[in-house]
Amino acid sequence: QSQHDLCKLLDEMRLTKDAHEVAILRRAGAISAGAHVRAMQTSAAMLRAGVKGGLREYHLEAELLHEFRRHGSQFPAYTSIVAAGANACVLHYRAGNAELKPGELCLIDAGCELDGYASDITRTFPAGGKFTPAQRVLYEIVLEAQNAAVKVTKPGKRFMDPHDAATRVLAQGMLDTGLLSKAKHGKVDDVLASGAYRQFYMHRTGHWMGMDVHDCGDYTEPSSRPREEKDALGQTVMRKPSRILRPGMVTTVEPGIYVRPAKGVPKEFWNIGIRIEDDALVTAKGCELLTRGVPVEADEIEALMRG
Ligand code: GLY
Ligand code: MN
Ligand code: MN
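Residues numbered from 1 in each chain as written. Chains lettered and ligands numbered in written order. Predicted model: local features only at pLDDT ≥ 70, side-chain atom pairs only at ≥ 80, totals over all residues. Heavy atoms only, no water.

A. Layout of the packing of helix H4 (residues 133-151) against helix H5 (residues 161-177). In the contact formed by H4 and H5, the axes pass within 7 Å of each other and the chain directions differ by 155°. Considering the angle they form, H4 stands roughly antiparallel to H5. Between H4 and H5 the crossing geometry is right-handed. The segment H4 lies against H5, with Val 137, Leu 138, Ile 141, Val 142, Glu 144, Ala 145, Ala 148 and Ala 149 engaging Pro 162, Ala 165, Ala 166, Val 169, Leu 170, Gly 173 and Thr 177. Residues of the contact of H4 with H5, tallied by class, amount to 12 nonpolar, two polar and one charged. (Axes fitted to C-alpha atoms, helices over the stretch in contact; angles between N-to-C directions. Helix = DSSP H or I, 4+ residues; strand = E, 2+ residues; numbered from the N terminus. Parallel < 35°, antiparallel > 145°, perpendicular 65-115°, else oblique. Left-handed = near helix turned anticlockwise from the far one by under 90°. Contact = heavy atoms within 4.5 Å. Nonpolar A, V, L, I, M, F, W, Y, C, P; charged D, E, K, R; others polar.)

Next up, the structure:
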């Protein structure tokens, strides 16, 4: 029993960051945000200049790494993703040598490690600096989903609440845009119950972050008893409820939409992949986003990229 109690205590301590750790996480987040800004601006500038051989994913990865190291970060916290156009729909893509075209989106998921602590940011932006109408429609849905998730990232809420809030907005957006047909899939509650949204959103909205980018720590509430729950297949399983968020915990908030070409899916959305990811420190009353040194609003991104 005492060993079990000790494990629980260690888990709680690991997940709840102290002031010293928070200071490093803030700095790591700020460095990574600066790197994303640099990559966005470089993308637009290189396309404007008409670089010989084309703008490549690795060009932007180089900008990220340069900015991390320039500010004292020792390593990237994970292998950077720089995904041109349709590559954004491949979840664990890395920066390759694909060409970034002005009319396409670029998804960058990159963060530095500083003094043993991680950061984890995703931004999706038009390589040439201007969203097309179809890109912007989906972008606004993902951003609204992120806002909904951030709102419930606060003490007393559970780890899965931000995911549920984001998924509801995404599912409604899929119905509104015709990604999911209303005739076939019904209303938003039907889509949530059937899981039809998973065609375009197949990952969770967050994970613990700290010394590791996907930090260890129990995602269920250690102090609760297991109870009956339905799993993804509708089977009844015994599970502890999702963990109650407390001040000092750090989670990512990273909704997305990924549209692969498929029958019945409006063509204008094909091959668009969008994710927006920030790191949230749970505070006494809500949460502090550690990574907003890089904008998320579509207009602000366009303004930044105009140079
Ligand atoms: N960069 C890994 C993740 O977002 O989970
Ligand atoms: Mn993440
Ligand atoms: Mn990430």
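B. How the structure looks around the coordination of the manganese ion (ligand 2). Every protein donor of the manganese ion (ligand 2) is accounted for by Asp 120 (OD), His 207 (NE2), Glu 254 (OE) and Glu 277 (OE), and the metal-donor separations fall at 2.0 to 2.2 Å. Around the manganese ion (ligand 2) sit six donor atoms, and with donor-metal-donor angles ranging over 50 to 155° the site reads as irregular. Counting the intervening residues between successive donors of the manganese ion (ligand 2) yields the motif D-x86-H-x46-E-x22-E. (Donors = N, O, S within 2.8 Å, 3.2 Å for Na, K, Ca; no water. Tetrahedral: all angles 85-135°; square planar, octahedral: opposite > 155°, others 65-115°.)

C. Molecular detail of the layout of surface pockets. Roughly 880 Å³ of volume is contained in the largest pocket. Taken together, 29 residues form the lining of the largest pocket, with Met 160, His 163, Asp 164, Lys 230 and Arg 239 sitting closest to its centre. Among the elements of the structure, H5, helix H7 (188-194) and strand S6 (227-230) are those that each provide at least two residues to the lining of the largest pocket. Considering every element that reaches the lining of the largest pocket, the biggest residue donor is H5, with five residues. Split into classes, the residues belonging to the lining of the largest pocket amount to 10 nonpolar, seven polar and 12 charged. If you add up the space inside the second largest pocket, you get close to 430 Å³. Around the second largest pocket sit 18 residues that line it, and Ile 81, His 92, Asp 109, His 214 and Glu 254 are the ones nearest its centre. (1 Å grid on protein atoms, 1.4 Å probe; cavity = no way out; pocket = protein on both sides within 12 Å on 5 of 7 lines; lining within 4 Å. Points joined across faces, edges and corners; volume = space filled by probe spheres on them.)

D. Structural context of the coordination of the manganese ion (ligand 3). Asp 109 (OD), Asp 109 (OD), Asp 120 (OD) and Glu 277 (OE) make up the full set of protein donors to the manganese ion (ligand 3), lying at 2.1 to 2.4 Å. One chain supplies every donor to the manganese ion (ligand 3), and in sequence these donors are spaced D-x10-D-x156-E.

E. Focus on the sheet that holds strand S11 (residues 278-282). A sheet is described by the order of its strands in space; here three strands give the open sequence S8-S11-S12, paired in antiparallel fashion. Of all strands in the sheet, those bounded by a partner on one side alone are strand S8 (250-253) and strand S12 (287-289). Adjacent strand axes in the sheet meet at a mean angle of 35°, parallel and antiparallel pairs treated alike. Here three bridges tie S11 to S12, and the two strands are oriented antiparallel to one another. Bridge pairing in S12 links Ala 280 to Leu 289. Those strands touched by H4 are S8, S11 and S12, and its axis lies near 160° from that of S8. (Pairing = 2+ DSSP bridges.)

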